[in-house]
Structure formats: C-alpha cells, structure tokens
Amino acid sequence: MSQNQLIVPLDVENLAAANQLVTTLSDEVNWFKIGKQLFTAVGPASVNLLREAKKDIFLDLKFHDIPNTVAGAVASGTKVGANIINLHTLGGLEMMRAARAAAEEQAAELGIPKPTLLGVTILTSIDEVNFQRDFGTQRKLRDQIAYLAELSQKAGLDGVVAPPLEIEVIRKVCGSDYVIVTPGVRPEWADADDQRRVMTPAEAIAAGADYIVVGRPITASDNPREAAQTILQEIYK
Ligand code: C5P
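Everything in this summary refers to the structure shown in the same document. All of these numbers come straight from a predicted model, not from anything done at the bench. (Residues numbered from 1 in each chain as written. Predicted model: local features only at pLDDT ≥ 70, side-chain atom pairs only at ≥ 80, totals over all residues. Heavy atoms only, no water.)

**Topic: the overall build of the chain**
Scanning the chain from N- to C-terminus turns up eleven helices and eight strands. A globule of 237 residues ought to have a C-alpha radius of gyration of about 18 Å, and the chain, at 17 Å, matches this closely. Dimensions of the chain along its principal axes, counting C-alpha atoms only, are 45 × 40 × 30 Å. Contacts spanning at least 24 positions in sequence make up 66% of the contacts within the chain whose residues lie at least 6 apart. (Helix = DSSP H or I, 4+ residues; strand = E, 2+ residues; numbered from the N terminus. Rg over C-alpha atoms; globule rule 2.2 N^0.38 Å. Contact = heavy atoms within 4.5 Å.)

What follows is the structure, encoded as structure tokens:
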C-alpha cells in the first residue's frame, strides 16, 4: 500500500492528460483515482497506465445493478488490477455480498490480494431537503447514512466513501478498522469549487479519515506538484 494517504483523481478526458498528471505528481502521490469520465473514454488503458507507473489504483465507478452484474464488474475490476473498487450501498445487501464474493474468488484465482471494496452511501450532492423529497421519506439523512454504512459492513465490504462531516458517525457505527475515504477536502488556500461543508486535509485526517481525495486544488493548480507537496506538509508536519 502507499506511503501516504493522499488520493488524486484523474478527472480528465484522455490518456495523455492523465499521463501528464501522473508523471508530474509521481514523486509525491502514490494513489490515483479513475472515475467515470476517464474510464468511459479510454477504458482499462487508464488502469494500465497506473500499473505501469507502479501506482495504487482506486477505480471509482460506483457500481449499482443486480447482484450478478455487479459481481461481474467487480471481478473485472479485480482482474485489471484495481486496489480499491466502490459500489452503491443502495444496490442492497445481496448485491454487496455478491461483490465481496466475486472479489475474493477472482483475487484467489489470480493469487493477488483482494481489492478493498468501499460502499457509497448517499451522494454528497444530495442534501437533507432533497433526500427527504426524492426518497419519499421523513428519515434524517445522517441516520440513513449511518444505516447504510452499517449495512455495507454487514455485507462484508471493507469501508465507505464519506464526506468529512460524516466520518464521526460512521466511526461510531462501524468501528476503527472500517476504511473511510473522504472527498470534499479543501486546503485553506484553495477554492471550495462546488464542494460544500469541506474540511482541510489535516482536519479530515485528524477526524479519522484513512485516505483523502483532493482533486482541483492540485490538478487545476498552476503548479500541481507544489500544491501536492504543500498539502502533504500540512498533514504530516
Ligand atoms: O476536485 P475535487 O477535490 O472536488 O474532486 C473530488 C473527487 O472526488 C471527484 O472525482 C469527485 O467525483 C469525487 N467524489 C466526491 N464526492 C463524493 C464521491 C466522490 O467529490 N461523495
């Protein structure tokens, strides 16, 4: 696993731009995240790029489908060499269990470690009002997030993706060993962009995040390398 807890998303549209970021940040960053934009454009070539660069890979495709289909997708993600794969907890207990079994089986067949499987609870773009309206419920958003995190643990996942303010409740429900990966992180000197309710990298780590995802403060910076170095200094000073 990596020597630090910083994950940088490759939110770019082609392989050349991804390659440039990975090369620029190679000395500072060990973990990169591939999302739907890059993967839809170039597919497993994006994963191969990171494997060749000897980087750790978070395949952020947030699978959500019937159990058999998600099991197949997770097996494929395991086969191409992803170290972290995520899926929506709203796919249900059976879907998450099937994902876990598929990752275990595929990894055993290849003789590689099982990838870390993370659940996504409720998307951070959904606030309390929209949650109650769109899901047709009186339930509090926070309670739903805690409930889904607990369900993901029961299904045998290894952790969740959670924004900074939910770290505390998830730690309480799922314990200290459950992996928490936290986006929505902003250094004080950076723009919040479209992220709401942010914490700084150091605050998110202090709150109990195992990994933080920091994108635009690094990737849109004039000097991405210096931005990454500054963030790491702020966390590990
Ligand atoms: O540029 P920024 O730091 O906002 O990027 C955050 C990354 O984390 C993006 O790739 C975004 O899709 C992802 N993410 C998020 N919130 C979630 C899950 C993933 O911001 N709840």
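**Details of the environment of G72**
With respect to the secondary-structure elements, G72 resides in helix 4 (residues 67–80). For the pair G72 and A102, spaced 30 residues apart in sequence, the C-alpha separation works out to 7.2 Å.

**Considerations on the pattern of salt bridges**
Applying the stated criterion to the full structure yields 14 salt bridges. Residue K33 pairs with D60 through a salt bridge whose shortest N-O separation is 2.6 Å. With a gap of 27 residues between them, K33 in strand 2 (residues 31–34) and D60 in strand 3 (residues 56–63) connect regions that are remote in the sequence. With respect to burial, K33 and D60 carry one shared label: buried. For the salt bridge of R197 with E166, the shortest nitrogen-to-oxygen distance reads 3.7 Å. Here R197 is found in the loop between strand 7 (179–182) and helix 9 (201–207), whereas its partner E166 is found in the loop between strand 6 (159–161) and helix 8 (167–174), with 31 residues between them in sequence. Overlapping salt bridges bring together R100, E104, K114 and D158 as one network. (Salt bridge = Lys/Arg side-chain N within 4 Å of Asp/Glu carboxyl O. Buried < 20%, exposed > 50% of the residue type's maximum accessible area, 1.4 Å probe, protein only.)

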